[in-house]
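Structural description and commentary
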Amino acid sequence: MGIISPFGDGIGPFWDAVSTGKNGVGKVTLFDASNLNCQVAAECREFDATKYMDPKEAKRSDRYTHFAVAASKLAMVDAGLEVGKNLESERFGVLIGSGVGGMDTIETQSRAFVERGPRRVSPFMIPNLLANMSSGVVAIALGAKGVNFSVVSACATGTHAIGEAMLHLQAGREDVILAGGSEAAITPLGFAGFTAMKAMATEFNDQPERASRPFDADRCGFVMGEGAGVIVLERYDHAVARGAKIYCEISGYGATCDAYHITSPDIEGRGLAQCLRRTVDDAGVALEDVDYINAHGTSTPYNDKFETAAIRKVFGAHADKLMVSSTKSMTGHMLGAAGAIEAAVCAMTLQEGIVCPTINYEHPDPECDLDYVPNTPRKADVKIAISTNLGFGGHNGALLFKKV
């Protein structure tokens, strides 16, 4: 697994932080946010793209691509994989998505066009803003000549990318696929757009560490995060043959659409409920076997309430025995990268026997009445975990992970 997060580079610093309840949210520093209603974010403040890319290449690439390349290279090192050594390039794919793509490129080049004219627009503008470019650049950097495209389903992107990669591996088309998501939308225009639709937290600018508070009665919107999560999915026989380190098995994938509203989840949680049922059925396990759900848990009034309803709709009485937490309370909402980051959380939960908390849980909401592992991590022998993610457009995605 390769992670770029507000806690630093790599799975180690990331897991050390989220498994102990560390908060990655602070005041925005990437631009002057003083004239915006939301002024908090979870930024990757220490990230240096030139550690992973040639400085010239980094200069002509968007920040979201920087994150994707870095996370991919970290994942390959963690997996002990190398093309030409223990991996055939023709059977090595990349499915890395982004919900927004090159937002910074769009903004900087638009300003150049308006202020200085069309001749000042960069020839790299178009490729850099495309949401599929991270997959392409990663493939070039690592020599991956198998399946290569990007999933774009807003905040469900990372989950869908991993699920689609799983299907390709099950079909025997590849041996290894790098899958996940990358996002770098902490920009003036990104903030202006999300605050205009009243989606972001605006009441905690003076206390940024309290702003992301999933399932809490005082939640008022999401806190934007940035970063990337890329995981190595590998056919079991291929992994065993080379003596790979195996974190877990991904055995279930579900994808549905609410077909209800462009931004609001179905108020009865029907689309997510169907997605959860499909995921559990795909894995061939019983509902009662599920121990933990890493929830989408965005800290918005609608999502958290409707997600709770969907979980209760599917799991019935077993819902009261489930541990449910949102690591977005610590990482912020990484949009298209969220599902991949949270897949890594599930894998580490199975490995380490620690359930990450939902921090900033201070005031219970009667409409959010599950065990959200409030504020303090919990030791537990988790054998089956599910990650859920939802995206604007009504997209739902879920993955089921088994301990090995």
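Residues numbered from 1 in each chain as written. Predicted model: local features only at pLDDT ≥ 70, side-chain atom pairs only at ≥ 80, totals over all residues. Heavy atoms only, no water.

Here we come to the layout of surface pockets. Estimates place the volume of the largest pocket at around 660 Å³. Every residue lining the largest pocket is counted, 27 residues in all, and those nearest its centre are Leu-233, Glu-234, Cys-248, Glu-249 and Ile-250. Sorting the residues of the lining of the largest pocket by element identifies helix 3 (63-79), helix 7 (157-170), strand 7 (227-234), helix 9 (236-241), strand 8 (249-257) and helix 13 (338-352) as the ones contributing at least two each. The greatest single-element share of the lining of the largest pocket, amounting to four residues, is contributed by strand 7. Considered class by class, the residues forming the lining of the largest pocket number 20 nonpolar, one polar and six charged. The volume enclosed by the second largest pocket comes to roughly 500 Å³. As for the second largest pocket, its lining consists of 28 residues, and the residues nearest its centre are Thr-263, Pro-265, Thr-300, Tyr-302 and Phe-392. Broken down by secondary-structure element, the contributors of at least two residues to the lining of the second largest pocket are helix 11 (301-315), strand 13 (384-391) and strand 14 (395-402). Here the element with the most residues in the lining of the second largest pocket is helix 11; it accounts for three residues. Among the residues forming the lining of the second largest pocket, the class breakdown is 12 nonpolar, 14 polar and two charged. (1 Å grid on protein atoms, 1.4 Å probe; cavity = no way out; pocket = protein on both sides within 12 Å on 5 of 7 lines; lining within 4 Å. Points joined across faces, edges and corners; volume = space filled by probe spheres on them. Helix = DSSP H or I, 4+ residues; strand = E, 2+ residues; numbered from the N terminus. Nonpolar A, V, L, I, M, F, W, Y, C, P; charged D, E, K, R; others polar.)

One open sheet accounts for five strands, arranged 2-1-7-6-5; its pairing is mixed. The sheet is open, and its two edges are formed by strand 2 (8-9) and strand 5 (92-97), each paired on a single side. Bridging between strand 1 (residues 2-5) and strand 2 involves two bridges; their strand directions are antiparallel. What sits directly across from Ser-5, in strand 2, is Gly-8. This element, helix 7, spans strand 5, strand 6 (176-183) and strand 7 of the sheet and lies at about 170° to strand 6. (Pairing = 2+ DSSP bridges. Contact = heavy atoms within 4.5 Å. Axes fitted to C-alpha atoms, helices over the stretch in contact; angles between N-to-C directions.)

With that out of the way, let us pick up the nonpolar core. By size, the foremost hydrophobic cluster in this structure holds 45 residues, and its most contacted members are Ile-162 and Leu-233. Sorting the residues of this core by element identifies helix 1 (11-18), helix 7, strand 6, strand 7, strand 8, helix 13 and strand 14 as the ones contributing at least two each. If sequence neighbours within four positions are ignored, Leu-233 has contacts with Ile-162, Ala-165, Met-166, Leu-169, Asp-175, Val-176, Ile-177, Ala-179 and Ile-250. With 32 residues, the next largest nonpolar core counts Phe-47, Tyr-64, Phe-67 and Met-76 among its residues. (Core = buried A, V, L, I, M, F, W, Y, C linked by side-chain atoms within 4.5 Å. Buried < 20%, exposed > 50% of the residue type's maximum accessible area, 1.4 Å probe, protein only.)

Moving on to empty space enclosed by the protein. Overall, the coordinates contain one cavity of 30 Å³ or more when judged by the stated rule. In this structure, the largest cavity occupies an estimated 50 Å³ of space. Along the walls of the largest cavity sit Asp-258, Pro-265, Asp-266, Gly-269, Leu-272, Asn-303, Phe-306, Glu-307, Ala-310 and Leu-390, which together make up its complete lining. For the lining of the largest cavity, the element with the highest residue contribution is helix 11, accounting for four residues. For the lining of the largest cavity, a count of residues per class yields five nonpolar, two polar and three charged.

On to the pattern of salt bridges, then. This model, assessed by the stated rule, comprises 22 salt bridges. In this structure, the salt-bridge partner of Glu-362 is Arg-213, at a minimum N-O distance of 2.7 Å. One end of the pair, Glu-362, is in the loop between strand 11 (354-355) and strand 12 (378-379); the other, Arg-213, is in the loop between helix 8 (188-196) and strand 7, with 149 residues separating them in the sequence. What makes Arg-213 buried here is its relative accessible area of 0%. Overlapping salt bridges bring together Arg-91, Asp-175, Arg-235 and Asp-237 as one network. (Salt bridge = Lys/Arg side-chain N within 4 Å of Asp/Glu carboxyl O.)

Attention now goes to the sheet that holds strand 14. With mixed pairing, the five strands of this open sheet are ordered in space as 8-14-13-9-10. The open sheet has two edge strands, strand 8 and strand 10 (323-325), and neither has a second partner. Each strand axis lies, on average, 15° off the axis of its neighbour in the sheet, ignoring direction. By the bridge criterion, three bridges tie strand 9 (residues 292-294) to strand 13 in an arrangement that is parallel. Within strand 13, the residue paired with Tyr-292 across the bridge is Ala-385.

Taken N-terminus to C-terminus, the directions of helix 1 and helix 13 make an angle of 75°; their axes are 11 Å apart at the nearest point. Relative to helix 13, helix 1 is oriented roughly perpendicular. Residues Ile-11, Phe-14 and Trp-15 of helix 1 form the contact with helix 13, whose participating residues are Ile-341, Ala-344, Val-345, Met-348, Thr-349 and Glu-352. Of the residues contributing to the contact of helix 1 with helix 13, the split by class is seven nonpolar, one polar and one charged. (Parallel < 35°, antiparallel > 145°, perpendicular 65-115°, else oblique.)

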